[in-house]
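Listed here are the chains, written in short residue letters.
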Amino acid sequence: MDRLDRQFDFIRETDGLKQVVRQSYLADASRRENDAEHSWHLALMAILLGEYADKDIDVLRVVAMVLIHDIVELDAGDTYAYDSEGNATKRERELKAADRIFNILPEDQAAYLRSLWDEFEGQETKESLFANTLDKLQPLVLNDASGGKAWKEHGIKLSQVLERNKNTAKGSKELWEYAGKNFIEPSVEKGMLKR
């Protein structure tokens, strides 16, 4: 298969992200967002909020990372953050998906995108820490804006949100503090999150 054919095969394949529906609702609460929208939103956040990273980061690397971080959900599906049963098998499902999906590409690009995905998952570099901070903050923004619709549907408690976000500050203490004051605390006060 020719290089350009493989690149377009990957482009067609990843169009499927538009059909992977997440639990988070859009800010207006009209419907749930999909993975493509989520990834685009994170890329925009990386560009706008990169200045708040705890360390100097390569913003373009973060953008690339957040654009591909959920590609594995084409095969593995979206696993709700608070679904303990689904999270027990998530890593295995996502590794299998990564092996198939990234290898649609020519070898050099497959290796590059897979390395970005592995870096995001590893949460060891300053870019991956910041990318993960954004990935955790974006649902907080949407839950707050949508009146806590997803949280209410699933009966989510403050303790669950805090546990899920125990490492969120590692990429940006300032953004985590902002989220606490502007998204989490008001959501508890308004009854969108249970104590």
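Residues numbered from 1 in each chain as written. Predicted model: local features only at pLDDT ≥ 70, side-chain atom pairs only at ≥ 80, totals over all residues. Heavy atoms only, no water.

Asks: Break down the packing of helix α3 (residues 59-68) against helix α7 (residues 126-145) for me, citing the residues and quoting the values.
Replies: In contact at an axis separation of 9 Å, α3 and α7 are set at 55° when each is read in the N-to-C sense. Taken together, α3 and α7 sit at an angle that is classed as oblique. As α3 packs across α7, the resulting crossing turns out to be right-handed. Along its contact with α3, which presents Arg61, Val62, Met65 and Val66, the element α7 presents Glu127, Ser128, Phe130, Ala131 and Leu134. Considering only residue class, the contact of α3 with α7 consists of six nonpolar, one polar and two charged. (Axes fitted to C-alpha atoms, helices over the stretch in contact; angles between N-to-C directions. Helix = DSSP H or I, 4+ residues; strand = E, 2+ residues; numbered from the N terminus. Parallel < 35°, antiparallel > 145°, perpendicular 65-115°, else oblique. Left-handed = near helix turned anticlockwise from the far one by under 90°. Contact = heavy atoms within 4.5 Å. Nonpolar A, V, L, I, M, F, W, Y, C, P; charged D, E, K, R; others polar.)

Asks: I'd like a description of the nonpolar core, backed by residues and values.
Replies: One finds Phe10, Val62, Phe102, Leu134, Leu140 and Leu193 to be the most contacted residues of the largest nonpolar core, which totals 45 residues. Put simply, the parts of the chain that give this core at least two residues each are α2 (35-49), α3, α5 (84-102), α6 (107-122), α7, α9 (158-164) and α10 (173-189). Those residues within four positions of Phe10 in sequence are excluded, and the remaining contacts are Ile71, Ile101, Phe102, Ile104, Leu105 and Leu113. (Core = buried A, V, L, I, M, F, W, Y, C linked by side-chain atoms within 4.5 Å. Buried < 20%, exposed > 50% of the residue type's maximum accessible area, 1.4 Å probe, protein only.)

Asks: I'd like a rundown of unusual backbone geometry, residues and numbers included.
Replies: For residues that are not glycine, phi is negative in most cases, and the peptide bond is trans in most cases. A positive phi angle is found at Ala29, which is not glycine, with a value near 65°. Within the secondary structure, Ala29 is located in the loop between β1 (21-25) and β2 (32-34). Ala29 gets classed as buried once you look at its relative accessible area, which sits at 17%. Its identity as a non-glycine residue notwithstanding, Gln123 has a phi of 50°, on the positive side. With respect to the element layout, Gln123 can be found in the loop between α6 and α7. For Gln123, a relative accessible area of 31% puts it in the partly exposed group.

Asks: Please give an account of α10 that cites residues and values.
Replies: Along an α-helix, a turn takes 3.6 residues, which lines up residues three or four apart on a common side. Here α10 spans 23 Å end to end across 17 residues, near enough to the 24 Å set by a 1.5 Å rise per residue. Helix geometry: α10 is bent most strongly at Gly180, by close to 40°. The secondary structure elements touched by the buried residues of α10 are α2, α7, α8 (149-154) and α9. Trailing α10 by a residue or two, Gly191 shows a phi angle of about 80°, which is positive. (Expected span 1.5 Å × (residues − 1). Bend = angle between axes of the 7 residues up to and from the residue.)

Asks: Can you break down the pairing of β1 residue by residue, with the values?
Replies: In the sheet, β1 pairs with β2 via two bridges, with the strands oriented antiparallel. Residue pairing for β2: Tyr25 is matched across the bridge by Arg32. Here β1 folds back onto β2 in antiparallel fashion, the turn holding six residues, of which Ala29 has a positive phi close to 65°. (Pairing = 2+ DSSP bridges.)

Asks: Before we move on, could you go through the packing of α2 against α7 and cite the residues and values that matter?
Replies: A pair of packed helices can be characterised by two numbers: the angle between their axes and the separation between those axes. Their axes nearest at 10 Å, the elements α2 and α7 cross at an angle of 115°. Looking at the two axes, α2 sits roughly perpendicular to α7. When you trace α2 past α7, the crossing you get is right-handed. From α2, His38, His41, Leu42, Met45, Ala46 and Leu49 reach across to α7, where they touch Phe130, Leu134, Asp135, Leu137, Gln138 and Leu142. Among the residues forming the contact of α2 with α7, the class breakdown is eight nonpolar, three polar and one charged.

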